[in-house]
Every structure is written in C-alpha cells, then in structure tokens.
Amino acid sequence: MACIAGVLITLITASGFTVFNWNRQQALLWSSQCLYQAFNTDEVKLKNWELNITPDYFVRLRKTYPNGKQEYFSFHLKRFNTIDYYGNTTRGLLCFKTQADDIIVQTHNDRKGNIDSMATTLKISVKNMSAERLDSLLTALNYLKQQ
C-alpha cells in the first residue's frame, strides 16, 4: 500500500498537480511539499531551517545559522501578489511579492542587533524547479489566497 501511495505522490508531483481540482488540503500539502523539496541549502550553511505554509495560510521561513543567528520571514497569502523566478531548472531564486510591505522580517542573535522590519519581497534560493512545478505552485498559492 505504501508503494502505491508513493507512486501516486510521484505521479501527482511529476504532473504538476494541474490535472486535479484543488481543494484546501491538497493545495496546502502540495505547496508546502514543493517549497520544502526545492529549498536550496547548498547556497548558505544552515544549522536548521523551516519552510512551510501553515493551515491558516501563512508562508513561513526560519533559518538558523551555525553562529546562532536566526532569520524569520512570514506573510499571509491574502497579501500575496505573485512569484518571479530567476534561474534555470537546476537552481534559481524564487521571489515572492506581496501587495505592500506585508512580509514580516525578524533577526535574532545578530551581531548587528536584532531587527524587526517589513518587506515587499521574499527571496528564496531553490533547486530543481521546473516550469511545470513553478506553475503548479503558483496555481496552488493563488487558490489558497482565495480561501
């Protein structure tokens, strides 16, 4: 049974999930899984990281560096505007854009001091992002934005 589920998930992932009608759970699962799998930790050494979309529609990224510095980013999908992608299918930069300064940016344990600010763009280094995968991610995020 687990093998069949794995094959089904692989087929759904490979298809970009666009042949199915979205529901809330599918869109949350797909978009969180897509971001988690694509996050590129090869660019910067991290002790720990979390990237997900919560059931209450927040995109959250927390990065902890080996020196203890933490960076935290969060925004609600109601404020989501679009995604820009710079790169190729091997690696690139995914840029989430919001309607205004809607992205919470916080740093902790930083030598320059702790910072709380707001931003309009969240840039995430990614890998293995095909055009189909990017399109299905955008479709899922737009669906969730409407919920």
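Structure: see above.
Worth saying up front: this structure is predicted, and the values here are computed from it rather than measured.

So, about the side chain of Ser-125. By the element assignment, Ser-125 lies in strand β8 (residues 121-127). Given a relative accessible area of 17%, Ser-125 falls into the buried group. Excluding residues within four positions of it along the chain, Ser-125 makes contact with Ala-38, Phe-39, Asn-40, Glu-43, Gly-92 and Leu-93.

Let us look at the pairing of strand β7 (residues 115-119). When strand β6 (residues 103-108) meets β7, the two strands line up antiparallel, connected through five bridges. Within the sheet, the bridge partner assigned to Gln-106 lies in β7 and is Asp-116. A loop of six residues connects β6 with β7, the two strands running antiparallel in sequence, and Asn-109 in this loop sits at a positive phi of about 60°.

Let's shift gears to the environment of Thr-41. By the secondary structure assignment, Thr-41 is in the loop between α2 (24-38) and β1 (48-53). The class for Thr-41 is partly exposed, based on a relative accessible area of 28%. Between the C-alpha atom of Thr-41 and that of Val-126, which follows or precedes it by 85 residues, the distance is 8.2 Å.

Turning our eyes to something else, we now look at unusual backbone geometry. A positive phi angle, near 70°, is found at Tyr-57, a position not held by glycine. Position of Tyr-57 among the secondary structure elements: in the loop between β1 and β2 (58-64). The exposure class assigned to Tyr-57 is buried, which follows from its relative accessible area of 13%. Positive phi outside glycine occurs at Asn-109, with the angle close to 60°. Structurally, the position occupied by Asn-109 is in the loop between β6 and β7.

What follows covers the environment of Phe-58. Note on placement: Phe-58 falls in strand β2. With 16 residues separating them along the chain, Phe-58 and Ser-74 place their C-alpha atoms 6.5 Å apart. Excluding residues that lie within four positions of it along the chain, Phe-58 makes contacts with Asn-52, Ile-53, Ser-74, Phe-75 and His-76.

End to end, helix α3 (residues 131-145) covers 21 Å across 15 residues, agreeing with the expected 21 Å (1.5 Å per residue, within 8%). Within α3 the residues assigned to the buried category are Arg-133, Leu-134, Ser-136, Leu-137, Ala-140, Leu-141, Leu-144 and Lys-145.

Pairing within the open sheet is antiparallel, and its three strands lie in the order β4-β5-β8. Whereas interior strands pair on both sides, the edge strands pair on one side only; in this sheet they are β4 (80-87) and β8. Each strand axis lies, on average, 20° off the axis of its neighbour in the sheet, ignoring direction. Here seven bridges tie strand β5 (residues 91-98) to β8, and the two strands are oriented antiparallel to one another. Note that in β8 the partner of Lys-97 across the bridge is Thr-121. Docked against the sheet, α2 engages β5 and β8, running at close to 65° with respect to β8.

The rules behind the values
- Residues numbered from 1 in each chain as written.
- Predicted model: local features only at pLDDT ≥ 70, side-chain atom pairs only at ≥ 80, totals over all residues.
- Heavy atoms only, no water.
- Helix = DSSP H or I, 4+ residues; strand = E, 2+ residues; numbered from the N terminus.
- Buried < 20%, exposed > 50% of the residue type's maximum accessible area, 1.4 Å probe, protein only.
- Contact = heavy atoms within 4.5 Å.
- Pairing = 2+ DSSP bridges.
- Expected span 1.5 Å × (residues − 1).
- Axes fitted to C-alpha atoms, helices over the stretch in contact; angles between N-to-C directions.

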